[in-house]
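So the chains spell out like this:
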Amino acid sequence: SMGPAGLKYLALIALVLVLAVAAFSVGCGDEETPTTTAAPETTAPVASSTTTAAPVESSTTTAPAETTTTEMAKQELILASTTSTQDSGLFDVLIPAFTELFPFYEVKVIAVGSGEAMKMGETGDADVLLVHSPAAEKTFMENGFGVERKAVMYNDFIIVGPEDDPAKIKGMTSAAEAFAAIANAKASYFNRGDKSGTDAKEQAIWKAANLTPSGDWYQVTGQGMGETLTIADQAGGYTLADRATYLSKKDSLALALLVEGDTALFNQYHVITCAKGTNFIGASNFLVWITAANARANIIGTFGAEKFGQPLFVPNAGQVE
């Protein structure tokens, strides 16, 4: 059987052929030139002159997508990712931009914790992952479940809690010290408990604080990031959250941002193509696209800036982490 490197090589060849078909369809279906000039960057890792005709993020050019999909049956591409990327609203802009360039894919997003997403990758129930649990991701790759893994973007975790801050953690610069103060005060704390990247980060912080949290004050929600924030808010408790989800829900929460800036709170996201996925070519296309310059600058790098005054994620594909 062909190994991952061979599959990747075939996938990239197929990407060139697929883009050639898309470019041919664009030429036949619409004589207008797409208004964007950034298309070549979007598929920079694949050297092909056909990429210049692919419509990228042009809200005024709809004919190419309609023409292509009538000639080519759509293929399902299963993307397993985190509740934080879903709850922050990133996929609401990311997926339409991808399918505008690749209209022959129908992307199905399954938002679970990073751990559950990787289980789906192991069993072949997902084609591509966008996750943020680095230690578990490395194990996933070492065990042969992933073919390629690349950095995409980062943000950071924050500790949020009630405005009256009974544990007196506001302004602390150490996440571990803040957790110790919460435990000492036996202040209500809500853990996701879902083997997510956030859950893994939280456990690492408790370990750094030399504590094993237990007792009535420490409660497990078993929910995603958005739901856990809502539960903590209603109960007046603390929780660890990614900044993007917190900012996207901030208007409906009374929770205050209390601790930030510790390097231990860094939150890196990677894209991984799954060896057992049924649409490996589609997964490779997604990896190439999401790590290319156009997606980085025009989608990820600007998402949330207008509404929140700052982007919710910082793209860093191709950079040293």
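What you see as residue numbers is a count from 1 along each chain, following the sequence as written. Totals for whole chains, interfaces and linings use all residues, but because this is a predicted model, local features are given only for residues with pLDDT of at least 70 and pairs of side-chain atoms are given and counted only at 80 or more. The basis for the side-chain values is all heavy atoms of the structure; hydrogens and waters are excluded.

(A) Geometry of the pattern of salt bridges. In what follows, salt bridge is the name for a side-chain nitrogen of Lys or Arg lying within 4 Å of a carboxyl oxygen of Asp or Glu. The final tally for this structure, using the stated rule, is five salt bridges. Across the pair Glu-137 and Arg-149 runs a salt bridge, and its minimum N-O distance is 2.9 Å. Taken together, the positions of Glu-137 in helix α7 (residues 134-142) and Arg-149 in strand β4 (residues 146-161) put the pair twelve residues apart, joining distant regions of the chain. On the basis of relative accessibility, which here comes to 0%, the residue Glu-137 falls in the buried class. When a residue's accessible area, from a 1.4 Å probe over protein chains only, is under 20% of the maximum for its type it is buried; when over 50% it is exposed; and in between it is partly exposed. With relative accessibility at 24%, the residue Arg-149 sits in the partly exposed group. Here Arg-243 makes a salt bridge to Asp-156, at a shortest N to O gap of 2.6 Å. Of this pair, Arg-243 sits in helix α11 (residues 243-249) while Asp-156 is found in strand β4, placing the two residues 87 residues apart along the sequence. Asp-156 shares its class with Arg-243; the two are buried. Salt bridges sharing common partners tie together Asp-156, Arg-243 and Glu-260. Each helix is a run of DSSP H or I of at least 4 residues and each strand a run of E of at least 2, with the numbering of both proceeding from the N terminus.

(B) Highlighting the environment of Lys-249. Relative to the helices and strands, Lys-249 is located in helix α11. A sequence separation of 161 residues divides Lys-249 from Ser-88, and the C-alpha atoms of the two residues are 7.9 Å apart. Aside from chain neighbours lying at most four places away, what touches Lys-249 is Gly-226, Leu-229 and Thr-230. In this structure the side chain of Lys-249 is engaged in a polar contact, spanning 3.3 Å, whose partner is the side chain of Thr-230. We call two residues in contact whenever any of their non-hydrogen atoms come within 4.5 Å of each other. We call two N or O atoms a polar contact when they sit within 3.5 Å, provided that within protein one can donate a hydrogen and the other can accept it, with sequence-adjacent residues counted only if both atoms are side-chain atoms.

(C) Expanded view of the nonpolar core. By nonpolar core is meant a set of buried Ala, Val, Leu, Ile, Met, Phe, Trp, Tyr and Cys residues that side-chain atoms within 4.5 Å join together. Phe-286, Trp-289, Ile-290 and Phe-313 are the most contacted members of the largest nonpolar core, which has 42 residues in total. Top element by residues in this core is helix α5 (residues 90-101). It accounts for seven residues. Those residues in contact with Phe-313 that sit more than four places away from it in its chain are Thr-85, Ser-88, Leu-90, Met-153, Tyr-154, Asn-155, Ala-244, Tyr-269, Ile-300, Gly-301 and Phe-303.

(D) Up close: the pairing of strand β7 (residues 239-242). The alternating pattern of β7 places Thr-239 and Ala-241 on one face and Leu-240 and Asp-242 on the opposite face, and all of these are buried. By the bridge criterion, four bridges tie β4 to β7 in an arrangement that is antiparallel. Across the sheet, residue Ile-158 finds its bridge partner in β7, namely Ala-241. Only strands that DSSP links by at least two bridges are regarded as paired with each other.

(E) Molecular detail of the packing of aromatic side chains. Stacked, tilted and edge-to-face are the three classes applied to pairs of Phe, Tyr and Trp rings, where Trp contributes its six-membered ring and a pair requires centres within 6.5 Å; stacked means planes under 30 degrees apart, edge-to-face means over 60, and tilted covers the rest. Following the criterion strictly, the structure yields 18 aromatic pairs and no others. Taken together, the aromatic side chains of Phe-98, Phe-102, Phe-104, Tyr-105, Phe-286 and Trp-289 make up a single cluster linked through ring pairs.

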